[in-house]
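Examination of the molecular architecture
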Amino acid sequence: MTVTLEASGGVGTIRLDRPPMNALDVATQDRLRELAEEASRRDDIRAVVLYGGEKVFAAGADIKEMQAMDHAAMVLRSKALQDSFTAVARIPKPVVAAVTGYALGGGCELALCADFRIAGDNAKLGQPEILLGLIPGAGGTQRLARLVGPAKAKDLIFTGRHVKADEALTMGLVDRVVPAAEVYEQAHAWAARLAKGPALALRAAKEAVDAGLETDIDTGLTIERTWFAGLFATEDRERGMRSFVEEGPGKAKFL
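In what follows, the accompanying structure is described. (Residues numbered from 1 in each chain as written. Predicted model: local features only at pLDDT ≥ 70, side-chain atom pairs only at ≥ 80, totals over all residues. Heavy atoms only, no water.)

**Remarks on the environment of threonine 141**
For clarity, the threshold we go by: What counts as a helix is a DSSP run of H or I of at least four residues, what counts as a strand is a run of E of at least two, and both are numbered from the N terminus. Two residues form a contact once any of their heavy atoms are found within 4.5 Å. We define a polar contact as two N or O atoms separated by no more than 3.5 Å, with the added condition that, inside protein, one atom must be a possible hydrogen donor and the other a possible acceptor, whereas residues neighbouring each other in sequence contribute only through side-chain atom pairs.
With respect to the helices and strands, threonine 141 occurs in helix α5 (residues 140-148). Note: C-alpha distance between threonine 141 and glutamate 109 (32 residues apart in sequence) is 9.1 Å. The residues contacting threonine 141, other than those within four sequence positions of it, are Ile135, Pro136 and Ile157. Separated by 3.1 Å, the side chains of threonine 141 and glutamine 142 make a polar contact.

What follows is the structure, given as structure tokens:
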């Protein structure tokens, strides 16, 4: 399988496994969507790590496969391509990308679908599609601009240049840089910590932030208060507040 899903201790790891560079061909894209949807459904998975292995996250699309496609073929395929990445972005649980080595083109776009990105000090990220006479097609023009701002996004998209981990951190493309050998361990630890939290509140927080970014402030506040009030119907809210009153802050244990 080009993509696998394993779960342990509440954390699901979606692992890209298509040596040598984890090129994202059609089969890999479709499998990624299937496993993202599975991770979304499974109650034993409360947080997710995206991982490409110790050497490379994903170096981009399968260019040889794409070269054989004409306009008509890509009109049919482009929606499925975006849908596979959107399925990852819409996992209603915390998602962290563990980025080692190259995360280029579709690989960078996949990392953008996570809530948090931990990069190795050997990471190189970028959107080099312009060098092929193309633009990013799996969400890069949209998610990158929302994350780092339009000017920085245009810099990467217009030039196709790669950025090393330290520059990626400075521009907000990644959230933490660690030694390459520690990337998965630290990403898993981040996910494991959140996997112990209140699942419905985490889901609500993610939905409120993501949906709010797509609309005006008044609509965003409506989304927020709807989720906020709704959580008063949950056992997690009862457990959290009872623990706070009886034991003090930060000691609640959630199922």
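Here the narrative resumes.
**Regarding a nonpolar patch on the surface**
The condition is simple: The patches described consist of residues with a relative accessible area above 30% and no salt bridge, like charges being joined within 9 Å and nonpolar side chains (Val, Leu, Ile, Met, Phe, Trp, Tyr) within 5 Å. Throughout, the Shrake-Rupley method with a 1.4 Å probe supplies accessible areas, and for residues the shown protein chains are the sole cover considered. Salt bridges, as used here, are contacts in which a Lys or Arg side-chain nitrogen is within 4 Å of a carboxyl oxygen on Asp or Glu.
Together, Ile63, Leu132 and Leu134 make up a nonpolar patch on the protein surface, roughly 260 Å² of accessible area in all. Mapped onto the elements of the fold, leucine 132 is located in the loop between β7 (124-126) and α5.

**Structural notes on unusual backbone geometry**
The peptide bond linking proline 19 to proline 20 adopts the cis configuration, its omega dihedral lying at 5°. The topology assignment puts proline 20 in the loop between β2 (11-16) and α1 (26-41). One non-glycine residue, asparagine 22, lies in the positive phi region at around 55°. On the secondary structure map, asparagine 22 appears in the loop between β2 and α1.

**A few points about the sheet that holds strand β1 (residues 3-8)**
Heads up, the rule is: Note on pairing: two strands pair once DSSP finds at least 2 bridges between them. Between the N-to-C directions of two axes lies an angle of 0 to 180 degrees, each axis being a line fitted to C-alpha atoms and, for a helix, fitted only over the stretch in contact.
The sheet built from 6 strands is open, its strands ordered β1-β2-β3-β4-β6-β9 with mixed pairing. Only two strands of the sheet have a single neighbouring strand rather than two, namely β1 and β9 (176-178). Across this sheet, the average inter-strand angle for adjacent strands is 20°, counted without regard to direction.

**A closer look at the nonpolar core**
Rules: Joining through side-chain atoms within 4.5 Å is the link that ties buried Ala, Val, Leu, Ile, Met, Phe, Trp, Tyr and Cys residues into a set, and such a set is a nonpolar core. Relative accessible area decides the class of each residue, using a 1.4 Å probe on protein chains only: under 20% of the type maximum gives buried, over 50% gives exposed, and in between gives partly exposed.
Counting residues in each nonpolar core, the largest one holds 45 residues, and the members touching the most others are Leu50, Phe57, Leu125 and Leu173. Examining the composition of this core, we find that 5 residues originate from one element, helix α3 (residues 71-89), more than from any other. Residues contacting leucine 50, with those up to four places away along its chain left out, are Ile14, Phe57, Val88, Val95, Val96, Ala97, Ala98, Leu110 and Ala114. Phe116, Ile118, Val183 and Trp190 belong to the second largest nonpolar core, which has 14 residues in total.

**A word on the sheet that holds strand β5 (residues 102-104)**
Spatially, β5-β7-β8 is the arrangement adopted by the 3 strands of the open sheet, whose pairing is mixed. Here the strands that pair on one side only, and so sit at the sheet edges, are β5 and β8 (162-164). For this sheet, the mean inter-axis angle between neighbouring strands, taken without regard to orientation, is 20°. Relative to β7, β5 runs parallel, the two sharing 3 bridges. In the sheet register, leucine 104 faces β7, and the bridge partner there is glycine 126.

**Points about the packing of helix α9 (residues 199-213) against helix α10 (residues 217-230)**
Heads up, the condition is: Throughout this description, any angle smaller than 35 degrees is read as roughly parallel, any larger than 145 degrees as roughly antiparallel, any in the 65 to 115 degree range as roughly perpendicular, and the remainder as oblique. In this classification, Asp, Glu, Lys and Arg are treated as charged, Ala, Val, Leu, Ile, Met, Phe, Trp, Tyr, Cys and Pro as nonpolar, and every other residue, Gly included, as polar.
Contact pair α9 / α10: the axes reach a minimum separation of 9 Å and the direction vectors enclose 170°. Taken as axis vectors, α9 and α10 run roughly antiparallel relative to one another. Contacts between α9 and α10 pair Ala204, Glu207, Ala208, Ala211 and Gly212 from the former with Gly220, Ile223, Glu224 and Trp227 from the latter. When grouped by side-chain class, the residues that make up the contact of α9 with α10 number 5 nonpolar, 2 polar and 2 charged.

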